[in-house]
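The lines below spell out each chain.
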Amino acid sequence: MIITLDCSAAIELVTGRPQAKKIKNQLEKADLIITPALFIYELSNVMWKYHSINRTPKKILLPKISQGISLIDQFTPAEDIYEEAISLSWKINHPVYDSMYLITAKRKNATLLTIDGKLIQAAKKFDIDFLELN
């Protein structure tokens, strides 16, 4: 099975939040874990927010960024998918950054792993398989 991992699920895992174990179990079943390169920026931005809002020490956050990046086997460059992503965004009225995950999944016939309810709804509209963690 190929999994497209989105940032919300990766954050849940690396921070040890409630669904971390379920996410880890799904990733362990994967033959390949892919994501758009955007993932690195999103992951880094979330860790910046943890530092600036929650005052979490940088020495705790930097390893979590590395841990999140190490989950990925293959990154899809933004320049390879942005045209499809923006077209899809216009079509389904959904943000481009989420569409990049959808396009990455669609191109590789991958299953989306996310905890983002709005992204799951978009995946349904675009007929992308996704994992239910409940």
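Just above, that's the structure.
The paragraphs below set out a description of the structure included in this document. Here the structure is a predicted model, which means the values were calculated and not measured.

With that out of the way, let us pick up the sheet that holds strand β2 (residues 32-36). Strands sit in the order β3-β2-β1-β4 across an open sheet of four strands; the sheet is parallel. At either end of the open sheet lies a strand with only one pairing partner, and these are β3 (74-76) and β4 (111-113). Strand-to-strand twist of the sheet, defined as the mean angle between neighbouring strand axes without regard to direction, takes the value 35°. Sheet topology note: the strand β1 (residues 2-5)/β2 ladder contains three bridges and is parallel. Of the residues in β2, the one forming a bridge with T4 is I34.

Looking now at the side chain of T111. Within the secondary structure, T111 sits in strand β4. Not counting the four nearest positions on each side in its chain, T111 is found in contact with M1, I2, I3, T4, D129, F130 and L131.

Right, let's talk about the packing of aromatic side chains for a bit. Each aromatic ring pair is summarised here by two numbers: the centre-to-centre distance and the angle between the ring planes. Per the counting criterion, the structure on display carries one aromatic pair. With a centroid separation of 6.4 Å and 50° between ring planes, the pair formed by F39 and F75 is classed as tilted. Taken together, the residues span a long stretch of sequence, with F39 in helix α3 (residues 38-54) and F75 in strand β3 at a distance of 36 residues. Accessibility expressed as a relative area gives 0% for F39, which makes it buried. In this structure, K106 packs its charged tip against the face of F126, placed 5.2 Å from the ring centre.

Before going further, it helps to spend a moment on helix α5 (residues 78-92). Taking 1.5 Å per residue as the helical rise, α5 with its 15 residues ought to reach 21 Å, and the 19 Å between its terminal C-alpha atoms agrees with that figure. Of the residues making up α5, those classed as buried are I81, A85, L88, S89 and I92. At its buried positions, α5 is contacted by β2, β3, α6 (96-108) and α7 (117-125). Two residues or fewer after α5 comes N93, characterised by a positive phi angle close to 55°.

Cut-offs used in this document
Residues numbered from 1 in each chain as written. Predicted model: local features only at pLDDT ≥ 70, side-chain atom pairs only at ≥ 80, totals over all residues. Heavy atoms only, no water. Pairing = 2+ DSSP bridges. Helix = DSSP H or I, 4+ residues; strand = E, 2+ residues; numbered from the N terminus. Axes fitted to C-alpha atoms, helices over the stretch in contact; angles between N-to-C directions. Contact = heavy atoms within 4.5 Å. Phe/Tyr/Trp six-rings, centres within 6.5 Å; stacked < 30°, edge-to-face > 60°. Buried < 20%, exposed > 50% of the residue type's maximum accessible area, 1.4 Å probe, protein only. Lys NZ or Arg CZ within 6 Å of the ring centre and 35° of its normal. Expected span 1.5 Å × (residues − 1).

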